[in-house]
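Breakdown of the fold
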Amino acid sequence: QAQLVESGGGVVQPGGSLRLSCAASGFMFSVAAMSWYRQAPGKERELVASLNSVGNRKNYADSVRCRFIISRDNAKKTVALQMNNRTDADTAVYYCNAKSGTATTWGQGTQVSVSS
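Presented here is an overview of the structure given in this document.

Quick look at the pattern of salt bridges now. Counted under the stated rule, the structure contains 4 salt bridges. Close ionic contact of Glu46 with Arg38 constitutes a salt bridge, the shortest N to O distance being 2.7 Å. Since its relative accessible area comes to 34%, Glu46 is described here as partly exposed. In this structure, the salt-bridge partner of Arg67 is Asp90, at a minimum N-O distance of 2.8 Å. With Arg67 in the loop between β6 (58–60) and β7 (68–73) and Asp90 in the loop between β8 (78–83) and β9 (92–100), the pair connects residues that are 23 residues apart, well separated along the chain. The exposure class assigned to Arg67 is buried, which follows from its relative accessible area of 14%. Via salt bridges that share partners, Arg38, Glu46, Arg67 and Asp90 belong to a single interconnected network.

Before going further, it helps to examine the nonpolar core. In terms of nonpolar packing, the biggest core is built from 27 residues, with Trp36, Leu81 and Tyr94 touching the most fellow members. Those elements that provide at least two residues to this core are β3 (18–25), β4 (33–39), β5 (46–51), β7, β8 and β9. Among residues more than four places away in sequence, those in contact with Leu81 are Leu18, Arg19, Leu20, Trp36, Val48, Ala49, Phe68, Ile69, Ile70 and Tyr94.

Turning next to unusual backbone geometry. Not every positive phi belongs to a glycine, and Cys66 is a case in point at roughly 75°. Assignment of secondary structure puts Cys66 in the loop between β6 and β7. In this model, Lys77 sits at a positive phi of 60°, which is unusual for a non-glycine residue. Tracing the sequence through the fold places Lys77 in the loop between β7 and β8.

The subject of this paragraph is the pairing of β5. For a regular strand, side-chain orientation follows a simple rule: the groups alternate between the two sheet faces. When β4 meets β5, the two strands line up antiparallel, connected through 5 bridges. The partner of Met34 across the bridge, within β5, is Leu51. In terms of strand pairing, β5 meets β6 through 3 bridges, oriented antiparallel. Looking across to β6, one finds that Leu51 is bridged to Lys58.

Along strand β1 (residues 3–7), the buried face is formed by Leu4 and Glu6; none of Gln3, Val5 and Ser7, which line the opposite face, is buried. Two strands pair when backbone bridges link them, and β1 and β3 are joined in this way by 5 bridges, in the antiparallel orientation. Directly across from Glu6, in β3, lies its bridge partner Cys22.

Rules of the game
- Residues numbered from 1 in each chain as written.
- Predicted model: local features only at pLDDT ≥ 70, side-chain atom pairs only at ≥ 80, totals over all residues.
- Heavy atoms only, no water.
- Salt bridge = Lys/Arg side-chain N within 4 Å of Asp/Glu carboxyl O.
- Buried < 20%, exposed > 50% of the residue type's maximum accessible area, 1.4 Å probe, protein only.
- Helix = DSSP H or I, 4+ residues; strand = E, 2+ residues; numbered from the N terminus.
- Core = buried A, V, L, I, M, F, W, Y, C linked by side-chain atoms within 4.5 Å.
- Contact = heavy atoms within 4.5 Å.
- Pairing = 2+ DSSP bridges.

Structure follows, in structure tokens:
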């Protein structure tokens, strides 16, 4: 059974940094495209960053470009999101997502808040 488990959420001060991690199991991680999404209160879920299976093509939402970095380790079956220079607008539940062929898997989400 495919499973994604996020970790690393918490509270950070404005301008601070936080690193999220997502551990995958139950599917062939090395061929899956991996993404991070987020959903703020009262808003729709949005794509934050995505990474292809080999890790050489990355896409970012305009709102996080140059601040966030997505990366993956196929040997460890993990994907990470390094978040720098965070602002209030980054407060949301962050979800890990895997797509392989027609299959899509979501993690349970991890809360990230920005507060002074």
